[in-house]
Amino acid sequence: MAEPLKNLIGAQAVERLANQIADVATGFDRGGFVRAANDGLEALELKDRVAHVSNALAGCLPSSYPEALEVVIESLGPAIDGTDGVAEAFEIWVLCQFVEDRGLDHPELSLEGLRDLTQHFSAEFAIRPYLIQHQDLTLKTVARWLEDPNVHVRRLCSEGTRPRLPWGRALRAFQADPEMTLFVLDALVDDPERYVQRSVANL
């Protein structure tokens with residue numbers, strides 16, 4: 001029997017994330033983060049685990065969001081090359097959640113952070129609040145990303161703007177007026193990567 005998906009955000013993922021942050025953040029309370037993240041974690045389902053660990057991390061990062069985001073982005077290793085492995089580093093979802101929950105007052109900074117994060121784990125959930133609260137800015141950013149050389153950034157354009165996304169927040173404005181994001185489909189329908197084409201087909 002396959003292991004429950006929720007176990008991908010468990011004690012081992014917390015340890016990997018703690019090491020990743022500690023490697024770049026002087027004074028990071030690694031032990032405090034690990035204890036807070038693991039406290040009650042086993043009782044939670046997948047998305048609640050992501051939110052719980054993200055909250056624990058936020059309590060141990062700098063209180064200034066721009067400074068905290070700098071640590072988060074600096075902690076990332078090399079971007080994933082190609083389309084293999086982007087769904088394996090589930091602990092990166094925690095970092096996407098951090099930007100989703102805490103970065104809305106700094107949309108330009110956060111969107112650039114999501115561009116970096118999606119090259120390690122899809123930021124398709126995290127970008128959706130920005131499409132809701134900062135629609136014009138985010139759509140302009142998406143338009144710029146359509147020609148990004150990184151396949152995961154281009155895929156974020158289509159996957160992140162899906163009006164209905166399983167597990168993701170509904171984008172009511174795009175449901176009411178699907179033509180708002182037709183420019184994304186037009187640009188990516190013939191993308192050289194099948195990975196992106198499949199995302200376009202989902203819409």
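Computed from a prediction, not measured in an experiment: that's the story for all the values here.

A. Spatial organisation of the environment of Leu69. By the secondary structure assignment, Leu69 is in helix 4 (residues 65-74). Note: C-alpha distance between Leu69 and Leu44 (25 residues apart in sequence) is 26 Å. Not counting residues within four places of it along the chain, the set of residues in contact with Leu69 comprises Phe98, Val99, Leu109 and Ser110.

B. Spotlight on helix 6 (residues 107-117). Where helix 6 is concerned, the buried positions are Pro107, Ser110, Leu111, Gly113, Leu114 and Leu117. All buried residues of helix 6 project into a common sector of 160° when viewed along the axis, lining one side. In this structure, the buried side of helix 6 is in contact with helix 4, helix 5 (91-102), helix 7 (128-133), helix 8 (135-145) and helix 9 (151-160).

C. Quick peek at the packing of aromatic side chains. Taken as a whole and judged by the stated rule, the model has seven aromatic pairs. Look at Tyr65 and Phe98: their rings are 5.7 Å apart centre to centre, the planes differ by 20°, and that puts the pair in the stacked class. In this pair, Tyr65 is assigned in helix 4 and Phe98 in helix 5, connecting sequence segments 33 residues apart. Comparing Tyr65 with Phe98 shows no difference in burial state: the two are buried. By the ring-pair criterion, three or more aromatic residues cluster together here, those being Phe90, Trp93, Phe121, Phe125 and Trp167. Lying across the ring of Phe125, Lys47 places its NZ or CZ 5.5 Å from the centre.

D. Geometry of the packing of helix 6 against helix 8. Interhelical geometry of helix 6 versus helix 8 gives an angle of 35° and a closest axis separation of 11 Å. Every pair of crossing elements has a handedness; the one defined by helix 6 and helix 8 is right-handed. Taken together, the residues of helix 8 that come into contact with helix 6 (itself represented by Pro107, Glu108, Leu111, Glu112 and Arg115) are Leu137, Thr138, Thr141, Arg144 and Trp145. Residues that form the contact of helix 6 with helix 8 fall into these classes: four nonpolar, two polar and four charged.

E. Looking closely at helix 12 (residues 194-202). For helix 12, the set of buried residues is Tyr195, Val196, Ser199 and Val200. Axial view of helix 12: buried residues confined to an arc of 140°, hence all on one face. Seen from the open side of helix 12, the exposed residues pointing more than 90 degrees away from its buried face are Arg194 and Ala201. Looking at the buried positions of helix 12, the neighbouring elements they touch are helix 9 and helix 11 (182-188).

F. Looking closely at unusual backbone geometry. Positive phi, close to 75°, is recorded for Trp167, a residue that is not glycine. Inspection of the secondary structure assignment puts Trp167 in the loop between helix 9 and helix 10 (172-176). Trp167 gets classed as partly exposed once you look at its relative accessible area, which sits at 47%.

G. Structural context of a nonpolar patch on the surface. There is a patch of nonpolar side chains on the surface, built from Leu5, Leu8 and Trp167 and spanning about 290 Å² of accessible area. Looking at the secondary structure, you find Leu8 in the segment before helix 1 (11-22).

H. Focus on the pattern of salt bridges. Scanning all chains against the criterion turns up eleven salt bridges. In this structure, Glu112 engages Arg144 in a salt bridge whose closest nitrogen and oxygen atoms are separated by 2.7 Å. Of this pair, Glu112 sits in helix 6 while Arg144 sits in helix 8, placing them 32 residues apart in sequence. Judged by its relative accessible area of 35%, Glu112 falls in the partly exposed class. For Arg162, the salt bridge identified is with Glu159, shortest N-O distance 2.6 Å.

The rules behind the values
- Residues numbered from 1 in each chain as written.
- Predicted model: local features only at pLDDT ≥ 70, side-chain atom pairs only at ≥ 80, totals over all residues.
- Heavy atoms only, no water.
- Helix = DSSP H or I, 4+ residues; strand = E, 2+ residues; numbered from the N terminus.
- Contact = heavy atoms within 4.5 Å.
- Buried < 20%, exposed > 50% of the residue type's maximum accessible area, 1.4 Å probe, protein only.
- Arc of directions from axis to C-beta.
- Phe/Tyr/Trp six-rings, centres within 6.5 Å; stacked < 30°, edge-to-face > 60°.
- Lys NZ or Arg CZ within 6 Å of the ring centre and 35° of its normal.
- Axes fitted to C-alpha atoms, helices over the stretch in contact; angles between N-to-C directions.
- Left-handed = near helix turned anticlockwise from the far one by under 90°.
- Nonpolar A, V, L, I, M, F, W, Y, C, P; charged D, E, K, R; others polar.
- Patch = residues over 30% accessible without salt bridge, like charges linked within 9 Å, V, L, I, M, F, W, Y side chains within 5 Å.
- Areas by Shrake-Rupley, 256 points an atom, 1.4 Å probe, with all protein chains shown as cover.
- Salt bridge = Lys/Arg side-chain N within 4 Å of Asp/Glu carboxyl O.

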